[in-house]
Every structure is written in structure tokens, then in C-alpha cells.
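Residue-level listing of the chains:
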Amino acid sequence: MSLLGVEELLPEHKWVPTNVQVTVMRARGLRAKGKGGTSDAYTIIQLARDKFSTSVAEKTTGCPEWKEECSFELSPSALEFDGEGGNLVLTVMHRALIGLDKFLGQIIIHLSHVFQDKRSHSSE
């Protein structure tokens, strides 16, 4: 007698994540955009139309740290294909006191790839 896996017993009941928790630890290798060779950096985390912004790490020299968490609810179709709804976008900006904030860096994480591997990922 062989043992069947849960996926073989209930093929129509596939595990699908409903939330994703994001921890923004730090950024590395950023160019200074402010006076004195520093930046007032913050990160915008976006999933579909939902956004979260970290606090501003003031007067950092290329490696700001935040250690802040946020959580997003996933739509049922977010992981079905590589559409915009399944992309977690982290954008690091320099807060400008006058004028527009300045772009420092960005990473796009395709959640379908993360959950396809069925394990936790750490990206620094």
C-alpha cells in the first residue's frame, strides 16, 4: 500500500496564499543625493494598488536601515500569472526638502516565483 500526498488526494484544493508579509531591513550601495554626501532615504512598498511607506532614515551614507514590516492582502488572481498584481515593488527615494523626491533604487519581486518555490526567501 502506498501513501498518497495531499495534492494527489485533493487535486482541486491547492494551497494559495492570502497574505504576504514584507520586512524592509536595509538598502545597500545607494548614491548620496543630499547635501554633505548623505541621503534622507525611505522605501515605498507597493503591491497592486496598495502602498506602504517606511519612515525616513535621515542622513544615511549609502546603507539606510529601517527594520519595518507591512502586510498586504493578495487577490485570488495575483499569483495566477506574472501580471502587475503579483509584483511586489520596493522603491527607495531620497526625501527632498525643496522640490520632488529623488529616485535612489528599485527592486521588483515576482510573487508567483516566490510562492512557486514553496519556501521563504531573503533578499538583502
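Residues numbered from 1 in each chain as written. Predicted model: local features only at pLDDT ≥ 70, side-chain atom pairs only at ≥ 80, totals over all residues. Heavy atoms only, no water.

Trainee: So what about the nonpolar core? Which residues, and what values?
Mentor: Judged by nonpolar contacts, the single largest core of 19 residues is most densely connected at Val22, Ile45, Leu47, Trp66, Phe72, Leu88 and Val92. If you list the elements that add at least two residues to this core, you get strand E1 (19-26), strand E2 (39-47), strand E5 (65-73) and strand E6 (87-94). If we ignore the near neighbours within four places in the chain, the residues touching tryptophan 66 are Val24, Met25, Arg26, Ala27, Ala41, Tyr42, Thr43, Thr54, Ser55, Ala57 and Val92. (Core = buried A, V, L, I, M, F, W, Y, C linked by side-chain atoms within 4.5 Å. Buried < 20%, exposed > 50% of the residue type's maximum accessible area, 1.4 Å probe, protein only. Helix = DSSP H or I, 4+ residues; strand = E, 2+ residues; numbered from the N terminus. Contact = heavy atoms within 4.5 Å.)

Trainee: Please provide a residue-by-residue account of unusual backbone geometry, values included.
Mentor: Even without being a glycine, lysine 59 presents a positive backbone phi close to 50 degrees. With respect to the helices and strands, lysine 59 occurs in strand E4 (residues 57-60). You can call lysine 59 exposed: its relative accessible area is 65%. With a phi angle near 55 degrees, lysine 67 is a residue other than glycine that sits in the positive phi range. Here lysine 67 is to be found in strand E5. Overall, the relative accessible area of 55% leaves lysine 67 in the exposed class.

Trainee: An account of the side chain of glutamate 68 is requested, with residue identities and associated values reported.
Mentor: Among the structural elements, glutamate 68 can be located in strand E5. One buried charged residue, glutamate 68, forms no salt bridge at all, with the nearest opposite charge on lysine 67 at 11 Å. A distance of 2.5 Å separates a polar atom in the side chain of glutamate 68 from a polar atom in the side chain of serine 55. Apart from the residues within four sequence positions on either side, glutamate 68 is in contact with Val22, Thr23, Val24, Phe52, Thr54 and Ser55. (Lys, Arg positive; Asp, Glu negative; His and termini not counted. Salt bridge = Lys/Arg side-chain N within 4 Å of Asp/Glu carboxyl O. Polar contact = N/O pair within 3.5 Å; in protein donor to acceptor, adjacent residues only side chain to side chain.)

Trainee: How would you explain empty space enclosed by the protein if you had to name every residue and give the values?
Mentor: Throughout the structure, instances matching the rule amount to one cavity of 30 Å³ or more. Every residue along the wall of the largest cavity is listed here: Leu30, Arg31, Ala32, Thr38, Ser39, Thr60, Thr61, Gly62 and Pro64. Across the lining of the largest cavity, the residue classes tally to three nonpolar, five polar and one charged. (1 Å grid on protein atoms, 1.4 Å probe; cavity = no way out; pocket = protein on both sides within 12 Å on 5 of 7 lines; lining within 4 Å. Points joined across faces, edges and corners; volume = space filled by probe spheres on them. Nonpolar A, V, L, I, M, F, W, Y, C, P; charged D, E, K, R; others polar.)

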